[in-house]
Structure formats: C-alpha cells, structure tokens
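Residue-level structural notes
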Amino acid sequence: NAGVTQTPKFQVLKTGQSMTLQCAQDMNHEYMSWYRQDPGMGLRLIHYSVGAGITDQGEVPNGYNVSRSTTEDFPLRLLSAAPSQTSVYFCASSYQDRRRQETQYFGPGTRLLVL
Amino acid sequence: DAKTTQPPSMDCAEGRAANLPCNHSTISGNEYVYWYRQIHSQGPQYIIHGLKNNETNEMASLIITEDRKSSTLILPHATLRDTAVYYCIVRSLYNAGNMLTFGGGTRLMVKP
C-alpha cells in the first residue's frame, strides 16, 4: 500500500492564480480530510469528507473548495490564491473501527508559497 | 470535543523514559484520548489512544488518571528519532467522521 499520497510536494503561485492539490489513498478509507499548518502552529482543519459525494467544512474553509467523487481521491482547490494561504497542506484518511474509534493516516504534505 | 493543555516544550536524555503530560479536565465520558506526533516537516503519525484503562503498544504507553482529567504518554527508552512535537487530542465517540482538533502540542527534544 502507498498509503496517503499528495502531489505536488512544492508549489509556488502568484496571487490570484488557482490550483488543485491532489490527495489519494489506497486503503479504502471512508473518511478524508485536509488540514493546513502555518509555521510554529498546530494543524487546522479546512474541509473533510465522510464518504464519496459528501463533504463538509472545517475550521478554516474560506478560499478552498473540495469534492469527493471517488473513495480514493479528495482534491483541494484554491480558487484565487492569496499570500495568507502560504502554508503546508496535509491530507489525511481514516476509518472507524467497530468501537467507532478512528485513526488518521497523514500524507507527506504539500508546501505552498503564494507570492 | 474537550480542550487539552500541554507544556510547550520538554527535554529528555537519550535512553531515558520521556513522560509527556496532558491535561483534559473537561473530558466527557464518551471521549477518547489520542496521541499523535509530528517529526519535523512530516505528516502527523498516530501513536496510541485510550478511554480509561492504561494502554501499551510497540511505540508507547498511555496512562490515564482514574478521574480521566489528565494523562501521560510514556516513551520508555527515548531515542534521538523521537524528537518531535507531540499532540494530545480528545475526540468524542459520537462525532462520526469529525476530524481531529490539534492544539499547540509539546515539542520534545531528546538529547544525547
């Protein structure tokens, strides 16, 4: 299993540009999520999905869109990049066990710089 | 989900046990305690979780007080590779699909 993969690893954008961060998992997990991590800070939840076709907002959703057309993929779209979106972006997937407990598996991250 | 409080940083000598405390005084009966760690620049890694009993796995032990208001993560023989930020998180059993809320964590520095 590759686990959770993210592309690209690094990206530089100009203000106003749009782009899509890719995330894929091969563990057949129901749940997927996107976090951002700013320097010296903990992770903050952007959007999450509890299954194909179902998404919801997290703590900091503004400026981002997501969709979940398949179980495996959960892309994050930046509509019009702003310098405040300079961050490291982590994708995660998880499932609930029979005790409804959930372990998250994280990807390696995408480092985004918006000029 | 309940909030947690952790010291911002700790040091530990290589080969000694690292004991990382976490306070979660507002935890409710259906909330589990989770620990993750993040080694520099990498994605967070799951370590262990528990409800009220002490738990042990190949990475660490988790000691939860009887009143469940605090817990301690124990790395029995810390190595330099254990240098990381450690996050203590509580999560409700009934927040199906609700993702984890990360606080500031404890930056553990293991020194030779």
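Read on for a plain summary of the structure. This one's a predicted model, so the numbers in the text were calculated from it and none came from an experiment.

1. Regarding the layout of surface pockets
One number sums up the size of the largest pocket: a volume of about 560 Å³. What lines the largest pocket is a set of 28 residues, and nearest its centre among them are Gln37, Pro39 and Gly40 of chain A together with His40 and Ser41 of chain B. Breaking the lining of the largest pocket down by element, the ones donating at least two residues are β9 (87-96) and β11 (110-114) of chain A together with β8 (84-92) and β9 (106-111) of chain B. Per-class residue counts for the lining of the largest pocket are 13 nonpolar, twelve polar and three charged.

2. Observations concerning the nonpolar core
Counting residues in hydrophobic clusters, the biggest one holds 21 residues, and the most contacted among them are Trp35, Leu73, Tyr86 and Leu108 of chain B. Of all elements in the fold, only β2 (18-23), β3 (31-38), β4 (45-50), β6 (61-64), β7 (70-75), β8 and β9 of chain B reach the threshold of two or more residues within this core. Among the elements that take part in this core, β8 of chain B stands out by supplying four residues, more than any other. In this structure, Leu13, Ile46, Phe74 and Ala81 of chain A belong to the second largest nonpolar core, which totals 19 residues.

3. Remarks on the pattern of salt bridges
A complete count under the given rule lists four salt bridges over all chains for this structure. The shortest N-O distance in the salt bridge between Asp38 of chain A and Arg36 of chain A comes to 2.9 Å. Look at Asp38 of chain A and you get buried, because its relative accessible area is 15%. Here Asp82 of chain B ties to Arg37 of chain B by a salt bridge, and the two come within 2.8 Å at their closest N and O atoms. Of the two residues, Asp82 of chain B is situated in the loop between β7 and β8 and Arg37 of chain B in strand β3; the sequence distance between them amounts to 45 residues. The exposure classification of Asp82 of chain B matches that of Arg37 of chain B, with both residues buried. A network of salt bridges, in which partner residues are shared, links Arg36, Asp38 and Arg44 of chain A.

4. A closer look at the state of the cysteines
Under the counting rule described, the total for this entry stands at two disulfides over all chains. For Cys23 of chain A, the disulfide goes to Cys91 of chain A, at an S-S distance of 1.8 Å. Because the torsion about its S-S bond is -75 degrees, the bridge between Cys23 of chain A and Cys91 of chain A counts as left-handed. Placement of the pair is Cys23 of chain A in strand β3 (residues 19-25) and Cys91 of chain A in strand β9, with a sequence separation of 68 residues. Put simply, Cys22 of chain B and Cys88 of chain B are joined by a disulfide, and their sulfur atoms are 2.1 Å apart. Across the disulfide from Cys22 of chain B to Cys88 of chain B, rotation about the S-S bond amounts to roughly -80 degrees, and the bridge is consequently left-handed. Residue Cys22 of chain B is located in strand β2, and its partner Cys88 of chain B is located in strand β8; the two are separated by 66 residues in the primary sequence. When sorted by exposure, Cys22 of chain B lands in the same class as Cys88 of chain B, which is buried. The closest cysteine sulfur to the non-disulfide-bonded Cys12 of chain B is located on Cys22 of chain B, 18 Å from its own sulfur.

5. With respect to the environment of Met10 of chain B
Residues and elements named next belong to chain B. Note that Met10 resides in strand β1 (residues 9-13). Exposure remark for Met10: the relative accessible area of 23% places this residue in the partly exposed category. For the pair Met10 and Lys52, spaced 42 residues apart in sequence, the C-alpha separation works out to 25 Å. When residues no more than four places from it in sequence are discounted, the contact partners of Met10 are Asn19, Leu20, Pro21, Thr106, Arg107, Leu108 and Met109.

6. Description of unusual backbone geometry
Following Thr7 of chain A, the chain continues to Pro8 of chain A via a peptide bond in cis, the omega torsion being -5 degrees. By secondary structure assignment, the location of Pro8 of chain A is in the loop between β1 (4-7) and β2 (10-13). Backbone geometry at Ser41 of chain B places phi at a positive 70 degrees, although glycine is not the residue there. If you trace the backbone, Ser41 of chain B turns up in the loop between β3 and β4. Its identity as a non-glycine residue notwithstanding, Arg68 of chain B has a phi of 65 degrees, on the positive side. Mapped onto the elements of the fold, Arg68 of chain B is located in the loop between β6 and β7.

About the cut-offs
- Residues numbered from 1 in each chain as written.
- Chains lettered and ligands numbered in written order.
- Predicted model: local features only at pLDDT ≥ 70, side-chain atom pairs only at ≥ 80, totals over all residues.
- Heavy atoms only, no water.
- 1 Å grid on protein atoms, 1.4 Å probe; cavity = no way out; pocket = protein on both sides within 12 Å on 5 of 7 lines; lining within 4 Å.
- Points joined across faces, edges and corners; volume = space filled by probe spheres on them.
- Helix = DSSP H or I, 4+ residues; strand = E, 2+ residues; numbered from the N terminus.
- Nonpolar A, V, L, I, M, F, W, Y, C, P; charged D, E, K, R; others polar.
- Core = buried A, V, L, I, M, F, W, Y, C linked by side-chain atoms within 4.5 Å.
- Buried < 20%, exposed > 50% of the residue type's maximum accessible area, 1.4 Å probe, protein only.
- Salt bridge = Lys/Arg side-chain N within 4 Å of Asp/Glu carboxyl O.
- Disulfide = S-S within 2.5 Å.
- Contact = heavy atoms within 4.5 Å.

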